[in-house]
Structures are given as structure tokens and as C-alpha cells.
Amino acid sequence: SHYVGSYLNEVIFDDDQMKLIDAACIRLCRKRPFQAEAIQLLGVADIRIETLLKLEKTDVKLNEERPHIFVRKEINKDRSRGKNVDKKVYINDDIQRVLDRLQRQQNRKCHERYKFIPWLFPSDRIDWGNPKAFTENSTRRQSLTGAWRDVRKMTGIKGSLKTLRKKYFSDEVELEKNSGSTTDEAIEKVVKRTGSHKGPKMIKNHYYKETENAKWKKANELSKVLKFKRQQR
């Protein structure tokens, strides 16, 4: 590939790096309010970057029997073939933690005026003298590039925002594998459960990646097996 970012295709964050990213986002929350929380949410929820930034406050359904984030089909631009549908991302402890941090941002005195903005992740460049435009796309965050650049500088890690999505799906697959499934079976179950892709090919080829620690562990396990077999001859 001639794409300048192709060197990141096989990169995935390990658990220690995710802790560094989380800590960096917490340190960054004053400088990059709402953006830091958006990055944290990308790492724990099955929501694309473009979709995440189009979420409205009313899409967070905390008072339902099963609390969830409602991803409307209008913003859920699934790249796979087929008709887009509404989707529910159920709120677990990790997602709730990020939502709590987001709520604290909204409750800060300096952010009181954001209550007039419908977006979950508002822009920091809003014309407050034009209330009629508060609901327009111009008042929502369009990108997380600046905040992510700060995170990388603070942590020294290499990777893109999309690497967070790879980490999410890789963890989901590993969870299924720990229950006794093969890799292919695990991917099939993740596809069925999340509904993010119409088939397993995309996850298998582009999203499911093993960390360097996992590869190192498998290499050593294989070495032990081969050594044992040689000794039995």
C-alpha cells in the first residue's frame, strides 16, 4: 500500500497502552473538554468515529429498562452492504464511566451554555450570538484530530483513532475465544452480537489483531511444544 498511514494497519494497542490513553484523556479533559471523553468512548463502545460525533444528548437512554445509546439509522453509516438500521449500544460499566465524566463536563459552570446545544460532543467554536444556529451541524464537534495528537504526544504511542476500534473488536473476539470458541467461531459470534458488519470477513481481515505480547506468548508456547516433541523422538 502507498497510503502514508498503512504502517498502522497491523498495529493494535495492548492493555497497558490503553491505560496510558485513558490517563492522558483524564489529564486532557480541561484543555480538550468533550473531546477527551469522546476518545475514551471510542475505546469501549462499538460506535464509529463519524457516528459518535453525530450523537445527540437525547440518544443516551439511561432511564430505559436496559440503558443504552441509541444509534439512529440516519447517522449509522455502515459501510457493509444492506440497509442501515437503528442500533442499540447497551451501556456497561466502562461506557457508564465515560458518560459520568461527560456529565461532569456538562455540569461545570463554564459549560452551562452548552445546555442549549443538542449534540453530545459540541464544538468549541460556536457563535453564541446566533441561537437559531444552535441545532445546526456547525455546533457539533467535527473531528478529534487535535485531541488525539495531544494524546499521542503525552503517551508516546503510535496509532490512530481507528486503532481504538480494532482494540475493541479484538477484545470482543478474545472474550469469545476464552469461552472455548475457535477464532472463526468467535468472530462469527461477535458479528452476530454486535451487528456491526454483515459478515466476518471485515473483522477477520482488518479489525482482529493480536498484540505483540500475545504473539510473543504463542511463539514461546510453540517452542515448548516443539522442544517436547523432539525430546520424545
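Below you will find a few notes about this structure. (Residues numbered from 1 in each chain as written. Predicted model: local features only at pLDDT ≥ 70, side-chain atom pairs only at ≥ 80, totals over all residues. Heavy atoms only, no water.)

## Thoughts on the overall build of the protein chain
Assigned secondary structure in the protein chain consists of nine helices and three strands. Counted from the first residue to the last, the protein chain has its helices and strands arranged as α-α-α-β-β-β-α-α-α-α-α-α. Residue pairs in contact within the protein chain that sit at least 24 positions apart in sequence constitute 59% of those at least 6 positions apart. Counting only carbon and sulfur atoms, one obtains 49% of the accessible surface of the protein chain, whose full area is about 14,700 Å². (Helix = DSSP H or I, 4+ residues; strand = E, 2+ residues; numbered from the N terminus. Contact = heavy atoms within 4.5 Å. Areas by Shrake-Rupley, 256 points an atom, 1.4 Å probe, with all protein chains shown as cover.)

## Details of the packing of aromatic side chains
Throughout the structure, instances matching the rule amount to five aromatic pairs. Here the aromatic rings of Phe-13 and Trp-148 are separated by 6.1 Å at their centres, their planes lie at 50°, and the arrangement is tilted. Taken together, the residues span a long stretch of sequence, with Phe-13 in the segment before helix H1 (15-28) and Trp-148 in helix H5 (residues 145-155) at a distance of 135 residues. Residue class for Trp-148 comes out buried when judged on its relative accessible area of 5%. Geometrically, the ring pair formed by Tyr-168 and Phe-169 is edge-to-face, given 5.3 Å between the ring centres and 85° between the ring planes. Each residue in the set Phe-34, Tyr-114, Trp-128 and Phe-134 is aromatic and connected to the rest through ring pairs, giving one cluster. (Phe/Tyr/Trp six-rings, centres within 6.5 Å; stacked < 30°, edge-to-face > 60°. Buried < 20%, exposed > 50% of the residue type's maximum accessible area, 1.4 Å probe, protein only.)

## Things to note about the nonpolar core
Grouped together as the largest cluster of nonpolar side chains are 43 residues, with contacts concentrated most on Ile-21, Ile-39, Phe-121, Trp-148 and Leu-164. Counting residues per element, the ones that place at least two in this core are H1, helix H2 (35-42), helix H3 (49-52), strand E2 (68-71), helix H4 (93-107), H5 and helix H6 (161-177). In this structure Ile-21 touches Phe-13, Ile-39, Trp-148, Val-151, Thr-155, Ile-157 and Leu-164, once residues within four positions along its chain are discounted. (Core = buried A, V, L, I, M, F, W, Y, C linked by side-chain atoms within 4.5 Å.)

## A closer look at the packing of H1 against H2
Two quantities define a packed helix pair, namely the angle between the helix axes and the distance between the axes. Across the interface, H1 lies against H2 with an axial gap of 8 Å and an inter-helix angle of 160°. Accordingly, the angle class assigned to the pair H1 and H2 is roughly antiparallel. Between H1 and H2 lies a crossing whose hand is left-handed. The residues of H2 that touch H1, namely those facing Ile-21, Asp-22, Cys-25, Ile-26 and Leu-28, are Ala-36, Ile-39 and Gln-40. Class assignment of the residues belonging to the contact of H1 with H2 gives a composition of six nonpolar, one polar and one charged. (Axes fitted to C-alpha atoms, helices over the stretch in contact; angles between N-to-C directions. Parallel < 35°, antiparallel > 145°, perpendicular 65-115°, else oblique. Left-handed = near helix turned anticlockwise from the far one by under 90°. Nonpolar A, V, L, I, M, F, W, Y, C, P; charged D, E, K, R; others polar.)

## Some points on the sheet that holds strand E3 (residues 87-90)
Pairing is antiparallel across the open sheet formed by three strands, whose spatial order is E1-E2-E3. Of all the strands in the sheet, the pair left with one neighbour each is strand E1 (60-61) and E3. (Pairing = 2+ DSSP bridges.)

## Points about the pairing of E3
Sheet faces and side chains relate simply in a regular strand, where the side chains alternate between the two faces. Of the two faces of E3, the one lined by Lys-87 and Val-89 is fully buried and the one lined by Lys-88 and Tyr-90 carries no buried residue. Here four bridges tie E2 to E3, and the two strands are oriented antiparallel to one another. Across the sheet, the residue bridging to His-68 is Tyr-90, located in E3.

## Notes on unusual backbone geometry
One non-glycine residue, Phe-34, adopts positive backbone phi at about 75°. Mapped onto the elements of the fold, Phe-34 is located in the loop between H1 and H2. Among the residues examined, Phe-34 registers a relative accessible area of 3% and is labelled buried.

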